[in-house]
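# Structure at a glance
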Amino acid sequence: AAAAAAAANSTWVPGELRALNVEAGEEVGNASASTGQVALDDGRLLTVELHRIVPANPKLQEGIPDLTHLSYLNEPGITYNLEARYQGDEIYTFAGPVLIALNPCKPLPLYTPEMATKYRAGARDVVASALLPPHIYLVAANAFRRMLREKCNQSLIVNGESGAGKTETTKKAMQYFATLAGGTGVEGQVLETNPILEAFGNAKTLRNHNSSRFGKLIQMHFNASHHICGARIKTYLLEKSRVVHQLKGERSFHIFYQMLRGLKDPARRAALHLPPPNRDAPCAFKCLAQSACWELEGVDDAADFSIVCDALADVGVTPQMQDALMRLLSGVLWLSN
């Protein structure tokens, strides 16, 4: 009973220890009609206005996978729970039907074939789905199951600030659908659209090395046997101004740097009037040199160019069309001079 009473009196109060400027403590009584006394975990006793004291959740709820199961839903309680999970590399947390994903900024073994197999059960059985921990695969599995059961379209909305991981989350969902409903061969082409979209629509910003500078709607189509049979991609609001201007420390779209460093054929380079394929090649063009940022740590633009060319071929872009595309890109670069 004493432990339960202590848990009930646990609070968050204004402080300086956390990003939200709150500290944990235990309310021990009222100092006046409008203030309360809170004993902090470090032994200090604070007098705080009552409206600034918010209840904390009991320890047994620390790090639970669904925020709606917390006893008290307030900003410190939510962020503390997310932090507790994040420290244990549990980057996914449910808030009812919404999946919160925190960018780990490091590789984690969350997207292996074994993990995809584990979540396949959730796509067929609602009971099995309820027993699985939060994951983007589980959201995709639930959408797939509802599509089969209700025989109507389903939508996944991926939203967040720059650098939150929207691009990667979208790719992981598509990869899971390909694992779950592949078999026609079309799923490979659908996945190959990702490096193409990133090359022509993503760029380095001050906050994110692979920031999508456009919005996109990806429609995945399934046939009567529940296999992927096609896809349609619509793009919106491409940041065209980035072609001619970037802030210091940013880059233009990836494809320019990939082409300058990855196109090795001397005859093709001569036809496009491109400088030698070295690290300083972007400096030859005003629209790329102005930001004083031409390289990304850990990124091989030349290798990425090879991946993009293979992807273009896989989705049906002929060598002749690829040459025309490179001429267009080269023309844009030379126009900037």
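Scroll up a little and you will see the structure.
Everything quoted here is computed from the prediction, not taken from an experiment. (Residues numbered from 1 in each chain as written. Predicted model: local features only at pLDDT ≥ 70, side-chain atom pairs only at ≥ 80, totals over all residues. Heavy atoms only, no water.)

### Some remarks on the state of the cysteines
Enumeration according to the criterion identifies 0 disulfides in this entry. The cysteine Cys283 is free of any disulfide, with Cys293 supplying the nearest cysteine sulfur at 11 Å. By relative accessible area, which is 33% here, Cys283 ends up partly exposed. (Disulfide = S-S within 2.5 Å. Buried < 20%, exposed > 50% of the residue type's maximum accessible area, 1.4 Å probe, protein only.)

### Here we look at the packing of aromatic side chains
Under the definition given, this model contains 8 aromatic pairs. Among the aromatic side chains, those forming a connected cluster through ring pairs are Tyr111, Tyr119, Tyr137, Phe144, Tyr176, Phe177 and Phe222. Seen from the ring of Tyr111, Lys172 lies directly overhead, with NZ or CZ sitting 4.7 Å from the centre. Here Arg251 stacks its cationic end above the ring of Tyr257, 3.9 Å away from the centre of that ring. (Phe/Tyr/Trp six-rings, centres within 6.5 Å; stacked < 30°, edge-to-face > 60°. Lys NZ or Arg CZ within 6 Å of the ring centre and 35° of its normal.)

### Notes on the packing of helix α8 (residues 254-262) against helix α11 (residues 301-314)
How two helices pack is summed up by the angle between their axes together with the distance between the axes. Contact geometry of α8 with α11 gives a least axis separation of 7 Å together with a crossing angle of 100°. The angle between α8 and α11 places the two elements in the roughly perpendicular class. In this structure, α8 uses Ile255, Tyr257, Gln258, Met259, Arg261 and Gly262 to contact α11, whose residues at the interface are Asp301, Ala302, Asp304, Phe305 and Val308. Per-class residue counts for the contact of α8 with α11 are 6 nonpolar, 2 polar and 3 charged. (Axes fitted to C-alpha atoms, helices over the stretch in contact; angles between N-to-C directions. Helix = DSSP H or I, 4+ residues; strand = E, 2+ residues; numbered from the N terminus. Parallel < 35°, antiparallel > 145°, perpendicular 65-115°, else oblique. Contact = heavy atoms within 4.5 Å. Nonpolar A, V, L, I, M, F, W, Y, C, P; charged D, E, K, R; others polar.)

### A closer look at the side chain of Asp66
Mapped onto the fold, Asp66 is located in the loop between β5 (54-55) and α2 (75-87). Although Asp66 lies buried, it forms no salt bridge, and the closest oppositely charged side chain, Arg85, sits 9.5 Å away as judged by the N-O distance. In this structure the side chain of Asp66 is engaged in a polar contact, spanning 2.7 Å, whose partner is the side chain of Thr68. Among the polar contacts listed, one links the side chain of Asp66 to the backbone nitrogen of Gly96, at a separation of 3.2 Å. (Lys, Arg positive; Asp, Glu negative; His and termini not counted. Salt bridge = Lys/Arg side-chain N within 4 Å of Asp/Glu carboxyl O. Polar contact = N/O pair within 3.5 Å; in protein donor to acceptor, adjacent residues only side chain to side chain.)

### Overview of the layout of surface pockets
Size it by volume and the largest pocket reaches roughly 1100 Å³. Surrounding the largest pocket, 41 residues form its lining, Thr167, Glu168, Lys171, Glu198 and Asn210 being those nearest its centre. Considering every element that reaches the lining of the largest pocket, the biggest residue donor is helix α6 (residues 166-181), with 6 residues. When the residues that make up the lining of the largest pocket are grouped by side-chain class, the tally is 16 nonpolar, 14 polar and 11 charged. Computed from the structure, the second largest pocket encloses a volume of approximately 920 Å³. Ser155, Leu156, Leu217, Ile218 and Gln219 are, among the 28 residues lining the second largest pocket, the residues nearest its centre. Contributing elements (two or more residues each) for the lining of the second largest pocket: α5 (136-150), α6 and β10 (215-222). Per element, the largest residue contribution to the lining of the second largest pocket is 8 residues, and it comes from β10. Its residues placed into classes, the lining of the second largest pocket shows 16 nonpolar, 10 polar and 2 charged. (1 Å grid on protein atoms, 1.4 Å probe; cavity = no way out; pocket = protein on both sides within 12 Å on 5 of 7 lines; lining within 4 Å. Points joined across faces, edges and corners; volume = space filled by probe spheres on them.)

### Things to note about empty space enclosed by the protein
Evaluation of the coordinates by the stated rule reveals 1 cavity of 30 Å³ or more. Estimated volume of the largest cavity: approximately 40 Å³. Among the secondary structure elements, those contributing two or more residues to the lining of the largest cavity are α6 and α7 (186-201). For the lining of the largest cavity, the class distribution of residues is 1 nonpolar, 3 polar and 3 charged.

### A short note on the side chain of Lys172
Within the secondary structure layout, Lys172 lies in helix α6. Buried within the structure, Lys172 lacks any salt-bridge partner; its nearest side chain of opposite charge belongs to Glu168, at an N-O separation of 4.4 Å. Dropping the residues within four chain positions of it, Lys172 is found in contact with Tyr111, Ile136 and Tyr137.

### Considering the packing of α5 against α6
The geometry of α5 relative to α6 is characterised by a closest axis approach of 9 Å and an angle of 55° between their N-to-C directions. When the axis of α5 is compared with that of α6, the two are oblique. Judged by the twist between their axes, the crossing of α5 over α6 is right-handed. The residues of α6 that touch α5, namely those facing Ile136, Tyr137, Ala140, Ala141 and Phe144, are Thr169, Lys172, Ala173, Tyr176, Phe177, Leu180 and Ala181. Split into classes, the residues belonging to the contact of α5 with α6 amount to 10 nonpolar, 1 polar and 1 charged. (Left-handed = near helix turned anticlockwise from the far one by under 90°.)

### A few points about unusual backbone geometry
Here Cys105, not a glycine, exhibits a phi torsion of approximately 55°, which is positive. Among the secondary structure elements, Cys105 is positioned in the loop between β7 (98-101) and α3 (113-120). Despite not being glycine, His226 has its phi angle at roughly 70°, a positive value. Tracing the backbone shows His226 in the loop between β10 and β11 (228-236). A residue is classified by how much of its surface remains accessible, and His226, at 34% relative accessible area, is partly exposed.

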